[in-house]
Amino acid sequence: MLLLQIATAGIATGSVYALIAIGIVLIYKCSGVVNFGQGGYAMLGAYAAYALARAGLSPPLAAAGAVLVLGVVGALTELLVLRRMLRAPVVAVMMVTLGLLILFRAVCLAVWGPDQIAFPQIFPQGAVQIAGIFITYNYVAAALLSLVLSLAFLAFYRFTPMGLMQRAAADNSRAALAVGIHVSNQVSVAWAVSSALAGLGGVLLATLNGLSLTLSNIGLVAFPVIVLGGLTSLMGSLVAGLLLGMLEAFTDGLLTPALESFLRAHTSIYSVGALQQVVPYMLVGGMLLVRPQGIFGQRGTERV
Amino acid sequence: MLAAHGVSLRYDGVIQAVDRIDFQVEKGGLVALLGPNGAGKSTLLKAIAGLLPFEQGELVEGQLTFEGRSLAGVHPAAIARRGIALVQEGRQCFRSLSIEENLRAASLVARKGAGARLAMVFEYFPVLKEMRHRAAGHLSGGQLQMLVIGMALMSAPRLLLLDEPSLGLSPAMVQTVFDVVERMHRELGVTLVVAEQTVPRLLKLATDVYVLARGHIVMHTPPARADQETLQRVYLS
């Protein structure tokens, strides 16, 4: 029973990680830029949903509105900031995304203050009973929504003309321009979609953990996910997100208690701390040693 | 159809690649654009397709028009929509995508009739049909050349620019490529500009010949007068 409970929590947080990571991979694929500010967009999404609910929208509508707002914020980021840096080195652009993260945190701090805020109830209260355990609707909704949307996005990317344009622009921008694909606009689309996904991830995370500035730390967890999945694989992000979510949940729910009870019995050590925050990075370290291209990534080859 | 008057093209603001040239393409024509390496052929074709600004190049003077409308400062996507397709040097395609996806991606500017054009491209190049689900990265040089020409056809061009299509191909493959050039010209009524260093076959097909050297048009002649001897003299001067 305990295992099932832990697994559910793992799937819920893991699929939110996947949402955030897919957005980062999407932008990386078509512009070569790693968006270090992705956690900031997630946080902004949650605060936007809160603000819209405060303004009188019903909570589910506020959540949907926040996702739209974030899509616009993402597109504007590309149009107003990144498009001006087309000739700048990619590293400079990445530093700008880090700057945006700091800016977003400062804005949220100034407007909403540093304290944890009770997040509006988006999903009905209560729980479903599955195989003798209770799972709150919040967890069920977070897992279902992010899984369904991740898969829907992957299908969109794979099977629609718009997705084909995205993939073509990501594969070879020179060739894409020559066949009439407006590459810069495709990068805008990628930013809009990526930010909207991050915004949704932020909203879902806030329903699980409450709303505060620390929400932007999700951006840091997304990086082990991406490295694990392979920097260029959207499917890899989904699988690795779920994997890391589960790993964290099991570390927190099984490994840490077991380790602590063992240590308390035999040594004077009382606590091992937040082990679940360390495990992803340990896994990534090991992964980089064994299979640097990630689970689904392709080893970089160059024709000589 | 296409007209360049006193066109100068520059890279990085200082490197003069093409210097005040006049260049005309009549509707239905097949223009051979000949010249040695570094003559400015690719630069001229890229300028027509609008790609020059993406390589730090620019049109510094003169008029470049297609069907009476200027091409200066127009985005390549808009130029493709007006009916100009460029097959670039280096066989630019989407290597991680399948052959069919490559062809479909190239038809997104002109979605009407894309299905019929796909069938036509497969009829022109049966080998592409056989391999339609394989990634383009696995193709040989000759197959890649067929793919990029097929991609250009997918955008339903009225003016097709080919940049050294025979470069690095076996003699048999060069024959195949020019068979297709001839068919496109005759059957589809596409107007073509083919840049090459020297291909005797091209001179037989061409309706007009321009020779470019060091950024200048050094010769403009009907193909009958462009015999090997004259060309060699021009190349070496």
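The structure presented is a predicted model; accordingly, all values stated were derived computationally and were not measured. (Residues numbered from 1 in each chain as written. Chains lettered and ligands numbered in written order. Predicted model: local features only at pLDDT ≥ 70, side-chain atom pairs only at ≥ 80, totals over all residues.)

A. Fine view of the overall build of chain A. Helix and strand counts for chain A come out as eleven helices and two strands. The order of helices and strands in chain A, counted from the N terminus, is α-α-α-α-β-β-α-α-α-α-α-α-α. Against the globule reference of 19 Å for 304 residues, chain A gives a C-alpha radius of gyration of 20 Å, in line with a compact fold. Looking at chain A residue by residue over its 304 residues, the buried ones come to 48%. Across chain A, contacts joining residues at least 24 apart in sequence account for 78% of those joining residues at least 6 apart. (Helix = DSSP H or I, 4+ residues; strand = E, 2+ residues; numbered from the N terminus. Rg over C-alpha atoms; globule rule 2.2 N^0.38 Å. Buried ≥ 20, exposed ≤ 12 C-beta atoms within 10 Å, placed from the backbone. Contact = placed C-beta atoms within 7 Å.)

B. Structural detail: the pairing of strand S1 (residues 127-130) of chain A. Residues and elements named next belong to chain A. In terms of strand pairing, S1 meets strand S2 (residues 133-136) through four bridges, oriented antiparallel. What sits directly across from Val128, in S2, is Ile135. Here S1 hands over to S2 after two residues, with Ala131 in that stretch at a positive phi of 50°. (Pairing = 2+ DSSP bridges.)

C. Representation of the sheet that holds strand S8 (residues 191-196) of chain B in the model. Residue and element names in this part refer to chain B. Read across the open sheet, the six strands follow the order S6-S7-S8-S3-S9-S10; overall the sheet is mixed. The sheet is open, and its two edges are formed by strand S6 (84-87) and strand S10 (216-221), each paired on a single side. When the angles between neighbouring strand axes are averaged without regard to direction, this sheet yields 15°. Examined bridge by bridge, strand S3 (residues 30-34) and S8 share five bridges and lie parallel to one another. Across the sheet, Leu30 pairs through a bridge with Leu192, a residue of S8. Across the sheet, helix H1 (residues 41-49) touches S3, S6, strand S7 (159-163), S8 and strand S9 (208-213), and the angle it forms with S7 is around 150°. (Axes fitted to C-alpha atoms, helices over the stretch in contact; angles between N-to-C directions.)

D. The arrangement of the sheet that holds strand S4 (residues 57-66) of chain B in detail. Residues and elements named next belong to chain B. Read from one edge of the open sheet, four strands run S2-S1-S4-S5, paired in antiparallel fashion. The open sheet has two edge strands, strand S2 (15-25) and strand S5 (69-70), and neither has a second partner. Two elements, S4 and S5, share two bridges in a ladder whose sense is antiparallel. Bridged to Thr65 within S5 is Ser70.

E. Quick look at the environment of A:Ser184. By the secondary structure assignment, A:Ser184 is in helix H8 (residues 183-209). For the pair A:Ser184 and A:Val69, spaced 115 residues apart in sequence, the C-alpha to C-alpha distance is 21 Å.

F. Examining unusual backbone geometry more closely. All names here are of chain B. Within the chain, Asp12 stands out as a residue other than glycine whose phi angle is a positive 55°. In this structure, Asp12 sits in the loop between strand S1 (2-11) and S2. What makes Asp12 exposed here is the crowd of 9 C-beta atoms within 10 Å. Its identity as a non-glycine residue notwithstanding, Glu164 has a phi of 40°, on the positive side. With respect to the element layout, Glu164 can be found in the loop between S7 and helix H7 (171-187).

G. Looking closely at helix H3 (residues 59-81) of chain A. Residues and elements named next belong to chain A. Between its terminal C-alpha atoms H3 stretches 31 Å, which fits the 33 Å expected from 23 residues at 1.5 Å a residue. Ala62, Ala63, Ala66, Val67, Leu70, Gly71, Val73, Gly74, Ala75, Thr77 and Glu78 are the residues of H3 that are buried. For H3, the secondary structure elements touched by its buried residues are helix H2 (38-54), helix H4 (90-112) and H8. (Expected span 1.5 Å × (residues − 1).)

H. Local environment of the nonpolar core. Within the largest apolar cluster, 175 residues are counted, with the highest numbers of intra-cluster contacts made by A:Ala46 and B:Leu161. Those residues in contact with B:Leu161 that lie beyond four places of it in its chain are B:Leu45, B:Ile48, B:Ala49, B:Ile84, B:Ala85, B:Leu86, B:Val87 and B:Val193. (Core = buried A, V, L, I, M, F, W, Y, C linked by C-beta atoms within 7 Å.)

I. Spatial organisation of the packing of helix H6 (residues 161-171) of chain A against H8(A). Residue and element names in this part refer to chain A. Remark: H6 packs on H8, axes separated minimally by 10 Å, with the N-to-C direction vectors making an angle of 115°. Regarding the angle of H6 to H8, the classification is roughly perpendicular. Where H6 crosses over H8, the two elements pack in a sense that is left-handed. Each of Met165, Gln166 and Ala169 in H6 lies in contact with H8, whose residues at this interface are Val183, Gln186, Val189 and Ala190. Residues of the contact of H6 with H8, tallied by class, amount to five nonpolar, two polar and no charged. (Parallel < 35°, antiparallel > 145°, perpendicular 65-115°, else oblique. Left-handed = near helix turned anticlockwise from the far one by under 90°. Nonpolar A, V, L, I, M, F, W, Y, C, P; charged D, E, K, R; others polar.)

J. Geometry of the interface of chain A and chain B. Listed per partner, the contact involves 15 residues of chain A and 24 residues of chain B. Counting residues per element, the ones that place at least two in the side of chain A that touches chain B are H6 and helix H7 (173-178) of chain A. Among the elements that line the side of chain A that touches chain B, the one with the most residues is H6(A), at six residues. Class assignment of the residues belonging to the side of chain A that touches chain B gives a composition of nine nonpolar, three polar and three charged.

K. Inspection of the pairing of S6(B) at higher detail. All names here are of chain B. Because side chains alternate across S6, one face comprises the buried residues Ile84 and Leu86, and the other comprises Ala85 and Val87, equally buried. Pairing between S6 and S7: four bridges, direction parallel. Bridge assignment links Leu86 to a residue of S7, and that residue is Leu161.

L. Region of the structure containing helix H9 (residues 218-229) of chain A. All names here are of chain A. Under the 1.5 Å per step criterion, the end-to-end length of H9 is 17 Å for twelve residues, consistent within 8% with the ideal 16 Å. Burial within H9 is extensive, with eleven of its twelve residues counted as buried. Those residues of H9 hidden inside the fold are in contact with helix H1 (2-31), H2, H4, H8, helix H10 (234-266) and helix H11 (279-290).

M. View of the environment of B:Leu33. Residue and element names in this part refer to chain B. One can find Leu33 in strand S3. Of the residues examined, Leu33 has 28 C-beta atoms within 10 Å and is grouped as buried. Spatially, the C-alpha atoms of Leu33 and Val209 are 6.2 Å apart, while their sequence positions differ by 176 residues.

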